[in-house]
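Structural overview for review
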Amino acid sequence: MRIDANGLHYRELNKRIREAARKGTSRFELVGVNGQRYIADGLEGEVEIHIHGTPGQDLGAFMKGPRVWVYGNAQDGVGNTMDAGKIVVHGMAGDVVGYGMRGGRIHILGDVGYRVGIHMKSYQDKLPVIVIGGKAGDFLGEYMAGGCIVLLGMYGTDPPERPLAGHYLGTGMHGGIIYLRGEIEPYRLGKGLAFEPLDENDRSFLELIIKEFAEDFGKDASEILEEPFTKVKPATHRPYGSMYAY
Amino acid sequence: MSSWHFGKDISGCGLVGFLQRRGEGVNGGVIIRAICHMDERGNGLGAGFAAYGIYPEYKEFYALHLMYEDMVALSRTESFIQENLHVEHQEQIPHRHLPSIKEHPRLRRYFVRPKRDLSEAQLARGLWVGEDDYMVRIVMTINREIPGAFVVSSGKNMGAFKGVGFPEQMADFFRIEDYDAYLWTAHTRFPTNTPGWWGGAHPFTILDWSIVHNGEISSYGINRRYLEMFGYHCTLQTDTEVVAYLLDLLIRRHGLSKRLACMALSPPLWEEIDRMPEPQRGLCRAIRMVYGSALLNGPFAILFADSHSLVGLNDRIKLRPLVAAVAGDSVYMASEESAIRAICPEPDRVWAPKAGEPVIATLKEYAEDHEDRCQRASL
């Protein structure tokens, strides 16, 4: 189903998508999207949505299953509390990508803003993954409780002198893993976190993730993997266990 | 699919601005399209526009835009103006009567300059402070001492138009499409802590400074008391007002560059300063120590402008959104990329400015002139 979203209010656009999806439409082509909020929010099942333009805030929030492709940049709040499915952005994304994300994948080709992947969590077979092709702002993975963030720093438009990640990376993190392609200065790391080399498990897990990312964007996985990666993990899963105990 | 109904609107203010760097006029219809694209960010309790280059026939005169709650305020203000200023021209600010705008203040504009004989007399007594400072005093006096009278803007060849409503209503009301400006800013408001009234809508202004803001200035009390020492008095019941006066104080009166003023408003954290090499570290420390009371605490994205530049600035940890774009000779800044694309579908470059790092766009002739002066200074 093709929808020309030019001039369409988000309520009308999302209503059309939901109604059609309920009746069994499984593929949507949205053209002329510019700033419409809440696309694919809470949508469930085997649905494919191709978005041409710049979708608005909270793309794919609470989404449970659909796969979304964005041919352009995304704004703030991509994949907010997303449950399952996939979002692929062929451009940059704004602040708070994957906030409280608890399942599914988000692949961003370019740079992302501040507070990306904060409060991510995992449970049993639910393992959310965010892969960022460019660089990230401050507070990446803040309060992270589970899941995985991979930061490549390769395909963004941030100038080369910009650091791979901003300050306070993983502050308050007590679960999950962040993989960095290359290194960052230790002072950018939140308290109670440590750099670790990758082991065999990490390497095979990362290879799977990178392979899928590279396929989505037509990149060469081996080129991405040829640089050494660093792993960031919390030193303990209860870093604040004795915070209020004297 | 569950159907949720949130008990409240989820929103935040929206702002947008652009500068045509060759100084060519752009019709108000363009900024209207951009700000109305972000209607979701406001709730109809305030909207406004600032426009530069709109009064070329009176460009030597300060354009005083006034808002009056009643006739008493109007007549008291007009006699005060007659007493202290030469009025070259005065008129009602053109507006349409709309069914959706049931009440609005009386709106007039005056093209003025300080009286020559007055300045000469004061000069003789050593009391003359310069035309800009004189005008700041005039604005402060009207706002403070005449109940129901408020100065909306007071710069040369620029004006602010604002009130209670959605941006499309305010644009319609003030006939914004009748103006061409080389620099526009616009705002849609979602008031949180302070009342939604005509004077509290954005932009806030003094002389040719104008500012639109999304966020909260938690340091309002400190900033306000600091400004009082320099003769600026906050009367408009909204935190954003302090930013307009801080810009005037830091840049015009103290002579800081825009970049340094932005550093004072949104400085690096102390731990970042400690890591800097000299002389940058010494400069940052000095700015933070001297201008500690000018620091804006709390989340914000602001756009501010004067007659030759448009500047975007975020708080130190980017708690409000800001996106910038360049297309040819135009520079755009907005809360959302889609607002820029609504008026410029294919920009040459789009980026998200970093926390505390200003984006400064200037008129081409100013940039060249400024560079030239800097080069001469370094020789």
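Scroll up a little and you will see the structure.
Read on for a plain summary of the structure. (Residues numbered from 1 in each chain as written. Chains lettered and ligands numbered in written order. Predicted model: local features only at pLDDT ≥ 70, side-chain atom pairs only at ≥ 80, totals over all residues. Heavy atoms only, no water.)

In this section: the overall build of chain B. Secondary structure summary: chain B contains 12 helices and 18 strands in total. For 379 residues, the compact-globule estimate of 2.2 N^0.38 gives 21 Å, and the C-alpha radius of gyration of chain B, at 20 Å, lies within 12% of that figure. By principal-axis analysis of the C-alpha atoms, chain B measures approximately 60 × 60 × 40 Å. Counting across all 379 residues of chain B, residues that qualify as buried make up 57%. Residue pairs in contact within chain B that sit at least 24 positions apart in sequence constitute 74% of those at least 6 positions apart. Of the roughly 15,700 Å² of accessible surface on chain B, a fraction of 50% belongs to carbon and sulfur atoms. Looking at charge distribution, chain B has the averaged site of its 41 positive side-chain charges lying 3 Å from that of its 47 negative ones. (Helix = DSSP H or I, 4+ residues; strand = E, 2+ residues; numbered from the N terminus. Rg over C-alpha atoms; globule rule 2.2 N^0.38 Å. Buried < 20%, exposed > 50% of the residue type's maximum accessible area, 1.4 Å probe, protein only. Contact = heavy atoms within 4.5 Å. Areas by Shrake-Rupley, 256 points an atom, 1.4 Å probe, with all protein chains shown as cover. Lys, Arg positive; Asp, Glu negative; His and termini not counted. Charge placed at Lys NZ, Arg CZ, Asp CG, Glu CD.)

Here we take up the side chain of D138 of chain A. All names here are of chain A. Within the secondary structure layout, D138 lies in the loop between β7 (129–132) and β8 (148–151). Buried within the structure, D138 lacks any salt-bridge partner; its nearest side chain of opposite charge belongs to R188, at an N-O separation of 5.7 Å. Residues in contact with D138, not counting those within four places in the same chain, are Y114, R115, G166 and H167. (Salt bridge = Lys/Arg side-chain N within 4 Å of Asp/Glu carboxyl O.)

The next thing to look at is the interface of chain B and chain A. Between chain B and chain A, the contact holds 25 residues from the first and 25 residues from the second. E357 of chain B is the partner of R162 of chain A in a salt bridge, and the nearest nitrogen-oxygen pair spans 2.5 Å. Across the chain B-chain A interface, the total number found is 15 residue pairs in polar contact (both at pLDDT 80 or more). Residue composition of the side of chain B that touches chain A, grouped by class: 12 nonpolar, two polar and 11 charged. (Polar contact = N/O pair within 3.5 Å; in protein donor to acceptor, adjacent residues only side chain to side chain. Nonpolar A, V, L, I, M, F, W, Y, C, P; charged D, E, K, R; others polar.)

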